[in-house]
Amino acid sequence: MKRIKVLIAKPGLDGHDKGAKVVALALRDAGMEVLYTGLHQSVEQIVRTAVQESVDVIGLSIMSGAHLPICRRLMDRLRQEGVQDEIRVVVGGVIPKRDIPRLKELGVDGVFPGGTPFPEIVRSIQALFDTQT
Amino acid sequence: MGVARYIKGEKDVIEEVIYPSGIRVKPFYGPKDLEEVGFDYEKDLGDPGEYPFTRSLHPLGYRSRAWTTRQYTGFGTPEETNRRFRWMISHGQTGLNVAFDLPTQMGLDSDDPRAEGEVGRVGMAVDSLRDFEVAFRDIPLDRIGTGLTINAIATVMLAMYQAVAEKFGYARDRISATPQNDILKEMIGRGAWIFPVDSAVRLVGDCIEYSVRELPRSNPVSICGYHIRESGATPAQEIAYAFEIAKTYIGNLMDRGLKPDQFVGRFSFNLNVFGNLWEQIAKFRAARKLWARILRDHYGVQQKKNLFLRGLFGGGGSGLTKAQPENNIIRGAYYALAAALSGAQTTALCSFDEAYTIPTPRAALLSLRTLEILMEEVGLRDTVDPLAGSYFIETLTKQMEEKILEEMEEVQKQGGMLQAVSSGAIQRKLAKQAYEFEKGLQRGEIVKVGVNKYISEDEEEPEVELHEYNEQWAEKQVRELKALRRSRDNRQVTRLLRQLERDAREGRNVMPTLVECCRAYATVGEMTGVFREVFGEWQEPSIL
């Protein structure tokens, strides 16, 4: 299996990025190639980085409650760039359960609310690529 | 290191106990242990209110005055915030603590495209003096002290607080504001930074210098070990990094020709209370002592009151869990006990629902009541520093002192805090520790009740309740901001913003012009925009 390349991204103004950093380290330990955008990224900046770096997955970390509007804009942007089929999107952070179906409807492939065990996140991301081949 | 470890043998026998700060705890302690660590009453403790203040800053501790409670509050609009302030004050709260929304923390106006969806979400939206006029209406600003949770643009908010107080008839020498104003911890842990390290620290210095000269009752910086701890630091690192940050700010002020005795009395600290009870108590006692010693021996501070490590010991957010949330009420009570046994001067307690929502009024009141019960009912005011002389606590306090010093030395080896933050060395270290902690938690090596032990199968985790985002509030905020821009004297605003730019560029203290800008209803985004242009923005180092 090819090495999965993940961009961990912090969209918006929220600066609580312990979760983003910790998941980045966990994915790296699991053998993935991991980039981290750093804080205060716009959706446009995230997509630009993802395209430039040819990542397979964007992992958004959102704690502010703005996950629905942010994901909507991100998916739109991916479509505009024509990469919606190449780049998979997963989301972690403070996400109410009732929003998970709504995120999936927007095209998000995985949702990992705070406290999701690392092995589960790793398996879910790997599974996205197992089924493809 | 960084993770508490209990190594167990057969039948649940605890064979080893190692605290996150790296201290190994023995099954029991006696006089020999005190001898071994060189404990000396006069040197290590002293009577309460006497150097080195290990026991208490004041001779009578809580007998002369209970702690000040300062729950964190701030909601969407200035109107809502004002209602909540008045409600908290009517319920006995003695200080305010203001939460700002993210656009305000990042110096953006409510109609900035980057603010979309965030206006009023995690705190109060502030665009101009007009918002402060609403938020602080009918608040006795000469009696109530106000903490402003703002860092990158602490200068702007302090100026605005002075402007609103003066407008309401309170002279600036009678108001007491505590802007958080600790940008280095934002770079380490909380992320609300804007400007590059050097310019950011210069603004911290401007805020402190101005307060020293013009605002005699204000405490212009609150150094937050708190968030550093939340980011993965051990208790020893929490204190060590806070002290190294404080030393950086002291250096900046000294470069301006001020003597430490003129300003260190205004420094306060914001420190965390979750975790092992004994380690927290030893941490606070050691911290009071070390701070006094550093100031006296390194900086030649002479006035007794200037040697005090003052501040808020409280919060405990990272100790709380979303699972079985009522357990957080109990955890909060123990964290508050740790603060009380440590002689906390000011305190606040995270609400039990904070792990999944912005505190409801009921939960916030419960936190306040928890603090009040300690002071009023169960005897925490009876005598000062009741644990003093305990073989265990005194040994641990001495060991904690050593650990803090080791961690400070580590930072010094990296060239000091400015360098350690610029290079990302501290951030990388804490991210790694946070990762190790999380792994320990997931494997069950670190026990969290209700999370990885004593889980009730039939129990549903509470749904995360996000504070309802009120689109209408945001629209109203934007509408009023636009109306303000039309109605104010725009020529005067432009003139003052140009003056601000010159002050920023030429290294003059930006505060006097900021106060004038606020009075003229310049917006937060406009004032910060000037700084963005002059200083640029920080490029954070990679943590991977």
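As the structure is a prediction and not an experimental result, all values here were calculated from the model. (Residues numbered from 1 in each chain as written. Chains lettered and ligands numbered in written order. Predicted model: local features only at pLDDT ≥ 70, side-chain atom pairs only at ≥ 80, totals over all residues.)

S.K.: How do you make sense of the overall build of chain B when you look at a structure like this?
M.R.: In terms of regular secondary structure, chain B is built from 21 helices and 11 strands. Against the globule reference of 24 Å for 544 residues, chain B gives a C-alpha radius of gyration of 23 Å, in line with a compact fold. In terms of overall dimensions, chain B has a C-alpha envelope of 75 × 60 × 50 Å along the principal axes. By residue count, 53% of the 544 residues in chain B fall in the buried class. (Helix = DSSP H or I, 4+ residues; strand = E, 2+ residues; numbered from the N terminus. Rg over C-alpha atoms; globule rule 2.2 N^0.38 Å. Buried ≥ 20, exposed ≤ 12 C-beta atoms within 10 Å, placed from the backbone.)

S.K.: How should the overall build of chain A be read in this particular structure?
M.R.: Scanning chain A for helices and strands turns up five helices and five strands. Counting from the amino terminus, chain A carries its helices and strands in the arrangement β-α-β-α-β-α-β-α-β-α. Whereas a compact globule of 133 residues would reach a radius of gyration of roughly 14 Å, chain A reaches 13 Å, a difference of no more than 12%. Put simply, 72% of the contacts in chain A that link residues at least 6 apart link residues at least 24 apart. (Contact = placed C-beta atoms within 7 Å.)

S.K.: Got a minute to help me understand the interface of chain B and chain A in this structure?
M.R.: For an interface, size is often stated in terms of accessible area lost upon the parts coming together. Counting residues at the interface gives 30 residues for chain B, matched by 29 residues for chain A. Looking at the side of chain B that touches chain A, the elements that each hand over two or more residues are helix 4 (102–105), helix 7 (183–190) and helix 17 (425–443) of chain B. Here the element with the most residues in the side of chain B that touches chain A is helix 17 of chain B; it accounts for six residues. Residues that form the side of chain B that touches chain A fall into these classes: 13 nonpolar, seven polar and 10 charged. (Nonpolar A, V, L, I, M, F, W, Y, C, P; charged D, E, K, R; others polar.)

S.K.: Is there a simple way to explain the pairing of strand 2 (residues 14–18) of chain B in this structure?
M.R.: Put simply, side chains in a regular strand alternate between the two faces of the sheet. Residue and element names in this part refer to chain B. As judged from the four bridges shared by strand 1 (residues 5–8) and strand 2, these two strands associate in the antiparallel manner. Paired with Ile7 across the bridge in strand 2 is Glu16. With antiparallel pairing between neighbouring strands as the criterion, strand 1 and strand 2 make up a hairpin whose turn holds five residues, including Lys11 at a positive phi of roughly 50 degrees. With two bridges connecting them, strand 2 and strand 3 (residues 24–25) associate as antiparallel partners. Bridging across to strand 3, Val17 finds its partner in Val25. Taking the residues between adjacent antiparallel strands as the criterion, strand 2 and strand 3 are bridged by five residues, where Gly22 takes a positive phi near 100 degrees. (Pairing = 2+ DSSP bridges.)

S.K.: Please explain the sheet that holds strand 6 (residues 145–148) of chain B as it appears in this structure.
M.R.: Think of a sheet as strands paired side by side through backbone hydrogen bonds, with each pair either parallel or antiparallel. Residue and element names in this part refer to chain B. Read across the open sheet, the three strands follow the order 5-6-7; overall the sheet is parallel. What marks the edges here is a single partner per strand, and that holds for strand 5 (95–98) and strand 7 (177–179). Taken pair by pair, the neighbouring strands of this sheet meet at an average axis angle of 15 degrees, ignoring direction. In terms of strand pairing, strand 5 meets strand 6 through four bridges, oriented parallel. Across the sheet, Asn97 pairs through a bridge with Gly147, a residue of strand 6. Sheet contacts for helix 6 (residues 154–167): strand 6 and strand 7; angle to strand 7, the most-contacted strand, approximately 165 degrees. (Axes fitted to C-alpha atoms, helices over the stretch in contact; angles between N-to-C directions.)

S.K.: Help me understand unusual backbone geometry in this model?
M.R.: With the exception of glycine, the majority of residues adopt a negative phi angle, and the majority of peptide bonds are in the trans configuration. Residues and elements named next belong to chain B. Following Tyr51, the chain continues to Pro52 via a peptide bond in cis, the omega torsion being 5 degrees. Residue position: Pro52 is located in the loop between helix 2 (41–45) and strand 4 (68–69). Unlike most non-glycine residues, Asp138 shows phi in positive territory, near 60 degrees. Mapping Asp138 onto the fold places it in the loop between helix 5 (129–135) and strand 6. Taking the C-beta count within 10 Å as the criterion, Asp138 has 9 such neighbours and is therefore assigned exposed. The phi torsion at Asn181 lies on the positive side, around 50 degrees, for a residue other than glycine.

S.K.: Is there a simple way to think about the packing of helix 19 (residues 490–506) of chain B against helix 20 (residues 511–519) of chain B in this case?
M.R.: Each packed pair of helices is defined by two parameters, the angle between the axes and the distance between the axes. All names here are of chain B. At a minimum axis distance of 9 Å, the contact between helix 19 and helix 20 shows a crossing angle of 160 degrees. On the basis of the axis angle, helix 19 is roughly antiparallel to helix 20. Considering how the two elements wind past one another, helix 19 and helix 20 form a crossing that is left-handed. Residue-level contacts link Leu496, Leu497, Gln499, Leu500 and Asp503 of helix 19 to Thr513, Leu514, Glu516 and Cys517 of helix 20. For the contact of helix 19 with helix 20, the class distribution of residues is five nonpolar, two polar and two charged. (Parallel < 35°, antiparallel > 145°, perpendicular 65-115°, else oblique. Left-handed = near helix turned anticlockwise from the far one by under 90°.)

S.K.: Please explain the nonpolar core as it appears in this structure.
M.R.: As a rule of thumb, soluble globular proteins bury nonpolar side chains together. By size, the foremost hydrophobic cluster in this structure holds 189 residues, and its most contacted members are Ile58 and Val91 of chain A together with Met160 and Leu514 of chain B. Ignoring anything within four residues of it in the chain, the contact list for Val91 of chain A reads Leu60, Ile62, His67, Cys71, Leu103, Val108 and Val111 of chain A. (Core = buried A, V, L, I, M, F, W, Y, C linked by C-beta atoms within 7 Å.)

S.K.: Explanation requested: the environment of Val122 of chain B in the structure shown.
M.R.: The residue Val122 of chain B is located in the loop between helix 4 and helix 5 in this model. For the pair Val122 of chain B and Pro103 of chain B, spaced 19 residues apart in the sequence, the C-alpha separation amounts to 9.7 Å. Dropping the residues within four chain positions of it, Val122 of chain B is found in contact with Ser64 of chain A together with Ala99, Asp101 and Leu102 of chain B.

S.K.: I keep staring at the packing of helix 1 (residues 18–29) of chain A against helix 5 (residues 118–130) of chain A and nothing clicks. Help me out?
M.R.: Residues and elements named next belong to chain A. In contact at an axis separation of 10 Å, helix 1 and helix 5 are set at 65 degrees when each is read in the N-to-C sense. For the pair helix 1 and helix 5, the crossing hand works out as right-handed. When helix 1 is examined against helix 5, the residues Val23, Ala26 and Leu27 are found in contact with a partner set consisting of Phe118, Ile121 and Val122. A breakdown of the residues in the contact of helix 1 with helix 5 according to their chemical character gives six nonpolar, no polar and no charged.

S.K.: Please explain the sheet that holds strand 2 of chain B as it appears in this structure.
M.R.: Ordered by their spatial adjacency, three strands build an open sheet running 1-2-3 (chain B), and the pairing between neighbours is antiparallel. The open sheet is flanked by strand 1 and strand 3 of chain B, the only strands paired with a single partner.

S.K.: Where do I start with the environment of Val449 of chain B in this structure?
M.R.: Residue and element names in this part refer to chain B. Within the secondary structure, Val449 is located in the loop between helix 17 and helix 18 (471–487). Along the primary structure Val449 and Asp206 are separated by 243 residues, whereas in three dimensions their C-alpha atoms are 46 Å apart. If sequence neighbours within four positions are ignored, Val449 has contacts with Asn327 and Tyr454.

S.K.: Hey, could you run me through the environment of Leu481 of chain B in this one?
M.R.: All names here are of chain B. You can see Leu481 is positioned in helix 18. The class of Leu481 is buried, set by 21 C-beta atoms lying within 10 Å. Leu481 sits 402 residues away from Glu79 along the chain, and the two C-alpha atoms are 15 Å apart.

S.K.: Please explain helix 8 (residues 197–214) of chain B as it appears in this structure.
M.R.: Over its 18 residues, helix 8 of chain B extends 26 Å from the first C-alpha to the last, a length consistent with the 26 Å expected when each residue adds 1.5 Å. Here helix 8 of chain B has its buried residues at Ala200, Val201, Arg202, Leu203, Val204, Gly205, Asp206, Cys207, Ile208, Glu209, Tyr210 and Ser211 of chain B. (Expected span 1.5 Å × (residues − 1).)

S.K.: What am I meant to see in helix 1 of chain A here?
M.R.: Residues three or four positions apart in an α-helix share a direction because the helix packs 3.6 residues into each turn. Compared with the 16 Å implied by 1.5 Å per residue over 12 residues, the 16 Å span of helix 1 of chain A between its first and last C-alpha is a close match. Burial runs high along helix 1 of chain A: 10 of the 12 residues are buried. Among the residues of helix 1 of chain A, Lys18, Gly19, Ala20, Lys21, Val22, Val23, Ala24, Leu25, Ala26 and Leu27 of chain A are the ones counted as buried. Considering only its buried residues, helix 1 of chain A is in contact with strand 1 (5–9), strand 2 (33–36), strand 3 (57–62), strand 4 (88–93) and helix 5 of chain A together with helix 17 of chain B. Once helix 1 of chain A ends, the next one or two residues include Gly31 of chain A, with phi positive near 95 degrees.

S.K.: Honestly, the pairing of strand 1 of chain A in this entry has me stumped. Any pointers?
M.R.: All names here are of chain A. Most of strand 1 is tucked away: four of the five residues are buried. Pairing geometry for strand 1 and strand 2, over four bridges, is parallel. What sits directly across from Ile8, in strand 2, is Tyr36. Where strand 1 lies against strand 3, four bridges are found, and the strand directions are parallel.

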